[in-house]
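Single-letter residue listing:
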Amino acid sequence: MAFNLKGRNLLTLKDYTKEEIDYLLTLASDLKSKKRAGIKGNILEGKNIALIFEKPSTRTRCAFAVAAKDEGAMPEYLGKSDIQLGKKETVADTARVLGRMFDGIEFRGYAHQTVEILGEFAGVPVWNGLTDLYHPTQILADFLTLKENFGKLEETNLVYTGDGRNNMANSLMVGSAIMGVNYTIVAPKSLWPEKELVEECRILAESSGAEITLTADPVKGVKGADAIYTDVWVSMGEEEHFSERIEQLTPYQVNMEMIKNTENPDVIFLHCLPAYHNTETENGEKILKEYGLKEMEVTDKVFESKYSKVFDQAENRMHTIKSVMTATL
Ligand code: CP
Ligand code: NVA
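Just so you know, these numbers come straight off a predicted model, no measurement behind them. (Residues numbered from 1 in each chain as written. Chains lettered and ligands numbered in written order. Predicted model: local features only at pLDDT ≥ 70, side-chain atom pairs only at ≥ 80, totals over all residues. Heavy atoms only, no water.)

**What to know about the site of ligand 1**
So, step 1. Within the structure, ligand 1 sits among S57, T58, R59, T60, R108, H135, Q138, C272, L273 and R317.
So, step 2. The backbone of T58 places a nitrogen or oxygen atom 2.7 Å from an oxygen atom of ligand 1.
So, step 3. Within the side chain of T60, a nitrogen or oxygen atom sits 2.7 Å from an oxygen atom of ligand 1.
So, step 4. About the coverage of ligand 1: the protein hides 96% of its 260 Å² of free accessible area.
So, step 5. Residues that form the shell around ligand 1 fall into these classes: two nonpolar, five polar and three charged. (Near = heavy atom within 4 Å. Polar contact = N/O pair within 3.5 Å; in protein donor to acceptor, adjacent residues only side chain to side chain. Areas by Shrake-Rupley, 256 points an atom, 1.4 Å probe, with all protein chains shown as cover. Nonpolar A, V, L, I, M, F, W, Y, C, P; charged D, E, K, R; others polar.)

Put into structure tokens, the structure is as follows:
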């Protein structure tokens, strides 16, 4: 069934119903098949898309840019120091100006409130490309990857281990609650999500049947997982917390022992990326050597194993973002 999502913002998945998310995932899958078959699209012909980035990005930026170009739109990258957003003029003023020129606006940054103000004042669809609180477009890619692997979302067991209170843990919980995915956060209590959000998600889960579980036990918590998901231990903007996070999260690293503890030979490993799984990057070398580590949230062995679907996930960012843009424009 087709849904009319024209003109809608995507600030968090809470704004969408299960049926609407299902529709976006089916559309993404169709767009993926078309791209693979070399069929050129023109759904966004003549549209102009603003891409605002306060924080760096590889996947999200490229996914928006390629998806826009594939369908005939013109993407314009606006970096932190390129525009006045909240500096010489208010976010609401920038929103109203961009809304007069562009047909859609993506925003990645710090305060979630910024994307809310953009969404309120732009008058054109605004999409959240990551804030400190939520990363909804990532979840669409993750759920498309789950569907590709398991043929369904309902009743699959998704276990997130690591920083249980960041944008990824929050958004996966919201998405799982809506879609009927059983979601477990395996993290030390000090890194569990806000109580209010957990309660909100448990209410959402009443209609979908999803179970939302929080546990600090990294052995029992992963048992029966269909997918193990992790993210960086220190999100963008929280760099001063490296040493305490390493101390808190070392028992929650995704390694082969954790994979074995799932007792599921068909378990898959997911990560939104970027990942610290070796010392082969400039930052990796600096940070990991400083703390005497070889890898952080996931071992190289798991990252490079047959369980790992991280590059399918990364590719799916583009197809799902294309789905969001074409549906809301
Ligand atoms: N997963 C993700 O959002 O990646 P980027 O930070 O590269 O956009
Ligand atoms: N939690 C991470 C996600 C990166 C895609 C961050 O905010 O840095």
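Back to the write-up after that little detour.
**Looking at the nonpolar core**
So, step 1. Membership of the largest hydrophobic core comes to 59 residues, with the highest contact counts inside it found for F143, L172, Y183 and M325.
So, step 2. Looking at this core, the element that brings in the most residues is helix α6 (residues 167-179), giving eight residues.
So, step 3. Here L172 is in contact with I139, D142, F143, L158, Y160, Y183 and Y229, once residues within four sequence places are set aside.
So, step 4. V159, I246, I287 and F303 belong to the second largest nonpolar core, which has 28 residues in total. (Core = buried A, V, L, I, M, F, W, Y, C linked by side-chain atoms within 4.5 Å. Buried < 20%, exposed > 50% of the residue type's maximum accessible area, 1.4 Å probe, protein only. Helix = DSSP H or I, 4+ residues; strand = E, 2+ residues; numbered from the N terminus. Contact = heavy atoms within 4.5 Å.)

**Quick word on the side chain of K322**
So, step 1. Within the secondary structure, K322 sits in helix α12 (residues 310-328).
So, step 2. Accessibility expressed as a relative area gives 2% for K322, which makes it buried.
So, step 3. Here the side chain of K322 touches D70 through a polar contact of 2.9 Å, side chain to side chain.
So, step 4. What K322 contacts, discounting residues up to four positions off in sequence, is L31, K35, A67, D70 and E71.

**Examining helix α7 (residues 195-208)**
So, step 1. Helix length check: α7 (14 residues) gives 20 Å between terminal C-alpha atoms against 20 Å at 1.5 Å per residue, within 8%.
So, step 2. Every buried residue of α7 is accounted for by L197, V198, C201, A205 and S208. Down the axis of α7, the smallest arc covering the buried residues is 95 degrees, so these residues share one side. Residues of α7 that are exposed and point more than 90 degrees away from the buried face comprise K195, E196, E199, I203, E206 and S207.
So, step 3. Where α7 is buried, its residues meet α6 and β7 (212-215).
So, step 4. G209 occupies a position one or two residues after α7 and carries a positive phi of about 85 degrees. (Expected span 1.5 Å × (residues − 1). Arc of directions from axis to C-beta.)

**Quick word on the pattern of salt bridges**
So, step 1. For the structure shown, the criterion picks out 17 salt bridges.
So, step 2. K322 is the salt-bridge partner of D70, the closest N and O atoms lying 2.9 Å from each other. Placement of D70 in helix α2 (residues 59-70) and of K322 in helix α12 is noted, with a sequence separation of 252 residues between them. The pair D70 / K322 is uniform in exposure class, with both members buried. (Salt bridge = Lys/Arg side-chain N within 4 Å of Asp/Glu carboxyl O.)

**A few points about the side chain of Q253**
So, step 1. Within the secondary structure, Q253 is located in the loop between α8 (242-249) and α9 (256-261).
So, step 2. We classify Q253 as buried; its relative accessible area is 15%.
So, step 3. Here N255 takes part through its side chain, which lies 3.3 Å from a polar atom of the side chain of Q253.
So, step 4. Beyond its immediate chain neighbours, meaning those up to four positions away, Q253 contacts W233, M258, E295, M296, E297, V298 and T299.

**Considering the site of ligand 2**
So, step 1. The full set of residues close to ligand 2 is L130, N166, N167, D231, V232, S235, M236 and L273.
So, step 2. At a separation of 2.8 Å, a nitrogen atom of ligand 2 approaches a polar side-chain atom of N167.
So, step 3. Coverage of ligand 2 by the protein chains reaches 95% of its 270 Å² of free accessible surface.
So, step 4. Here the shell around ligand 2 is composed, by residue class, of four nonpolar, three polar and one charged.

**Thoughts on the sheet that holds strand β2 (residues 74-79)**
So, step 1. Taking strand neighbours across the sheet as the criterion, the four strands line up as β2-β1-β3-β4 in an open arrangement whose pairing is parallel. The sheet is open, and its two borders are formed by β2 and β4 (126-128), each paired with just one other strand. Averaged over neighbouring strand pairs, the angle between their axes works out to 20 degrees when direction is ignored.
So, step 2. Relative to strand β3 (residues 104-108), strand β1 (residues 48-53) runs parallel, the two being bridged by five bridges. Bridge assignment links A50 to a residue of β3, and that residue is I105. (Pairing = 2+ DSSP bridges. Axes fitted to C-alpha atoms, helices over the stretch in contact; angles between N-to-C directions.)

**Some remarks on helix α5 (residues 136-150)**
So, step 1. In this model α5 runs 21 Å from its N-terminal to its C-terminal C-alpha over 15 residues, within 8% of the 21 Å that 1.5 Å per residue would give.
So, step 2. One or two positions beyond α5, positive phi appears at G151, with a value near 75 degrees.

**Comments concerning the pairing of strand β6 (residues 182-186)**
So, step 1. Within β6, five of the five residues are buried, leaving the element largely enclosed by the surrounding structure.
So, step 2. Taking every second residue as pointing to the same face, both faces of β6 are buried, with N182, T184 and V186 on one and Y183 and I185 on the other.
So, step 3. Of the pairings in the sheet, the one linking strand β5 (residues 157-161) to β6 comprises five bridges and is parallel in character. The partner of N157 across the bridge, within β6, is N182.
So, step 4. This β-α-β element, β5 to α6 to β6, shows right-handed connectivity.
So, step 5. Bridge count between β6 and β7: four bridges; the pairing is parallel. Looking across to β7, one finds that I185 is bridged to L214.
So, step 6. Handedness of the crossover joining β6 and β7 through α7: right-handed. (Right-handed = clockwise from strand over helix to strand, strands pointing away.)

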